[in-house]
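These are the residues of each chain, in order.
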Amino acid sequence: MTATVKESKLYDCRDAFSATLVAMAAENNAIVAVCNDSVGSSKLDAFRDAYPQRLINVGIAEQTMIGVGAGLANGGKIPFVCGAACFLTGRALEQIKADVAYSNTNVKLVGISSGMAYGNLGPTHHSTEDFAWIRAIPNIAIVAPCDNIETAAAVAFAAEYEGPIFLRLSRTGVPQLLLDDHVFELGKANRLRDGNDATVIANGTLTHRAMAAAELLALKGISARILNMASVKPLDEEAIVCAAEETGAILTCEEHTILGGLGSAVAEIVTETCPVPMKRLGVPGIFPPTGSAEFLLDEFGMSPQGIADAAQQLLKRKA
């Protein structure tokens, strides 16, 4: 296990992204940033101040932004293309497919304020479909870090990784779960808590809620295994099969629609290898309404108590 909860401080993962990018740029002149009039929300202020010639702000033109990023990659640069996840992936999906994935260019897509982090701006700004449509496109890896430590590690990994990758970052504060020296591995899950009765698989802003749910379940004598599945594509198939075989029930939690995201990806492996009772927690195939991310997660059954309740219902099916 590699989990630790460091006090009750909440971290904005964008800060870890920004600090890591600036530090890497000092060592590697090929690293550049591209954004869509989102210097502030992407936390690129420090990068702009340190390397003004290496930040390209295309304005509110996401399709152009992807094309510029692909061109920079073809010219030998390592572009981190940053923007609100809802617009980065939705508005520029054709360019992501053709200019980045089909061409297999070395572009790092950074979806900022993903999920329902822009909650008070409503359904137009929710990004609860990005796992699904990016997952369906070949060649692009997908990563949703659970805390500040994993964000920094994933950004460092992305810079060295040869090929397209989508980093899904939230602005919602989360506690630190992983050790300071954590090293990110694509396609590998982190077992944050051992358990034999059921497995909860989560990522991003849901991982710490899953950990809290495990504490509630422990009070009822239920032993829940917690897997942090930051790598959505590729998935850690070995960890999923092991969880199915050893715990006999799997609950997934994600700040995303239940259609085509983490839960669907896990279910594809489970049904083909070791069918066990499963439940997917997420947005139930609707446009999430206006409200804070915390409120909406709770409303969709993803409070720690909601996750614990869902796990207990799942265990009834296991019996």
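Computed from a prediction, not measured in an experiment: that's the story for all the values here.

Conventions we followed
Residues numbered from 1 in each chain as written. Predicted model: local features only at pLDDT ≥ 70, side-chain atom pairs only at ≥ 80, totals over all residues. Heavy atoms only, no water. Helix = DSSP H or I, 4+ residues; strand = E, 2+ residues; numbered from the N terminus. Rg over C-alpha atoms; globule rule 2.2 N^0.38 Å. Buried < 20%, exposed > 50% of the residue type's maximum accessible area, 1.4 Å probe, protein only. Contact = heavy atoms within 4.5 Å. Areas by Shrake-Rupley, 256 points an atom, 1.4 Å probe, with all protein chains shown as cover. Lys, Arg positive; Asp, Glu negative; His and termini not counted. Charge placed at Lys NZ, Arg CZ, Asp CG, Glu CD. Axes fitted to C-alpha atoms, helices over the stretch in contact; angles between N-to-C directions. Parallel < 35°, antiparallel > 145°, perpendicular 65-115°, else oblique. Nonpolar A, V, L, I, M, F, W, Y, C, P; charged D, E, K, R; others polar. Pairing = 2+ DSSP bridges. Left-handed = near helix turned anticlockwise from the far one by under 90°. Salt bridge = Lys/Arg side-chain N within 4 Å of Asp/Glu carboxyl O.

(A) The overall build of the chain, seen in detail. Counting its regular elements, the chain contains 12 helices and 12 strands. Relative to the globule expectation of 20 Å for 319 residues, the C-alpha radius of gyration of the chain, 19 Å, shows essentially globular dimensions. Summarising its shape, the C-alpha atoms of the chain cover approximately 60 × 40 × 35 Å along the three principal directions. Across the 319 residues that make up the chain, the buried fraction comes to 59%. Within the chain, counting contacts between residues at least 6 apart in sequence, those at least 24 apart form 79% of the total. Of the accessible surface of the chain, which amounts to about 12400 Å², a share of 52% is contributed by carbon and sulfur atoms. Computing the positive centroid from 25 side-chain charges and the negative centroid from 35, the chain places the two 3 Å apart.

(B) Just the environment of glutamate 237, in detail. Here glutamate 237 lies in helix H9 (residues 237-247). Judged by relative accessible area, which is 43%, glutamate 237 ranks as partly exposed. In the structure, glutamate 237 is positioned 49 residues away from lysine 188 in sequence and 8.6 Å away in space, judged by C-alpha atoms. For glutamate 237, the contacting residues outside a window of four places in its chain are Ile269 and Thr273.

(C) Molecular detail of H9. Among all positions in H9, only Ala239, Ile240, Val241, Ala243, Ala244 and Thr247 are buried. As for H9, its buried residues are in contact with strand E8 (198-202), strand E9 (224-228), strand E11 (250-257), helix H10 (262-273) and helix H12 (304-318).

(D) Local environment of the packing of helix H3 (residues 62-74) against helix H5 (residues 93-102). Packing of H3 against H5 leaves a shortest axis separation of 9 Å and a crossing angle of 5 degrees. Regarding the angle of H3 to H5, the classification is roughly parallel. On the side of H3, the interface is formed by Gln63, Ile66, Gly67 and Ala70, while H5 contributes Gln95, Ile96, Asp99 and Val100. For the contact of H3 with H5, the class distribution of residues is 4 nonpolar, 3 polar and 1 charged.

(E) Spatial organisation of the environment of alanine 218. Assignment of secondary structure puts alanine 218 in helix H8 (residues 207-218). A residue is classified by how much of its surface remains accessible, and alanine 218, at 36% relative accessible area, is partly exposed. Between the alpha carbons of alanine 218 and alanine 308 there is a distance of 9.7 Å; along the sequence they are 90 residues apart.

(F) Main features of the sheet that holds strand E1 (residues 31-35). Taken together, 7 strands build an open sheet; the order of strands is E2-E1-E3-E4-E6-E5-E10 and the sheet is mixed. Two strands close off the open sheet at either side, each with one partner strand: strand E2 (55-57) and strand E10 (231-233). Averaged over all adjacent pairs, the angle separating strand axes in this sheet is 20 degrees, with direction ignored. Sheet analysis places strand E4 (residues 108-112) next to strand E6 (residues 165-168), joined by 4 bridges and oriented parallel. Along E6, the bridge assignment pairs glycine 111 with arginine 168. The sheet strands contacting H3 are E1, E2, strand E3 (78-84) and E4, and the helix crosses E3 at an angle near 165 degrees. Sheet contacts for helix H7 (residues 148-160): E1, E3, E4, strand E5 (141-143) and E6; angle to E6, the most-contacted strand, approximately 165 degrees.

(G) Structural detail: the packing of H8 against H12. Interhelical geometry of H8 versus H12 gives an angle of 60 degrees and a closest axis separation of 8 Å. Classified by the angle their axes make, H8 and H12 are oblique. The way H8 lies across H12 gives a crossing that is right-handed. In this structure, H8 uses Arg209, Ala210, Ala212, Ala213, Leu216 and Leu217 to contact H12, whose residues at the interface are Pro304, Gln305, Ile307, Ala308, Ala311 and Gln312. Taken together, the residues of the contact of H8 with H12 sort by class into 9 nonpolar, 2 polar and 1 charged.

(H) Here's a closer look at the pattern of salt bridges. Here the structure, examined in full by the defined rule, presents 12 salt bridges. For aspartate 45, the salt bridge is made with arginine 48, and the minimal N-O distance between the two is 3.8 Å. Of this pair, aspartate 45 and arginine 48 both sit in helix H2 (residues 45-50), 3 residues apart, which is roughly one turn of the helix. According to the relative accessible area criterion, arginine 48 is partly exposed, its value standing at 34%.

(I) Representation of the sheet that holds E9. Taken in spatial order, the 5 strands make up an open sheet running E7-E9-E8-E11-E12, and their pairing is mixed. Both edges of this open sheet fall to strand E7 (190-193) and strand E12 (278-283), since each of them pairs with a single strand only. Across the sheet, the mean angle from the axis of one strand to that of its neighbour is 25 degrees, orientation sign disregarded. For E8 and E9, the ladder comprises 5 bridges, and the chain directions are parallel. Following the sheet pairing, alanine 198 is matched in E9 by alanine 224. H9 rests against E7, E8, E9 and E11 of the sheet, and its axis sits at about 175 degrees to E9. Relative to the sheet, H10 contacts E8, E11 and E12, its axis offset from that of E11 by approximately 145 degrees.

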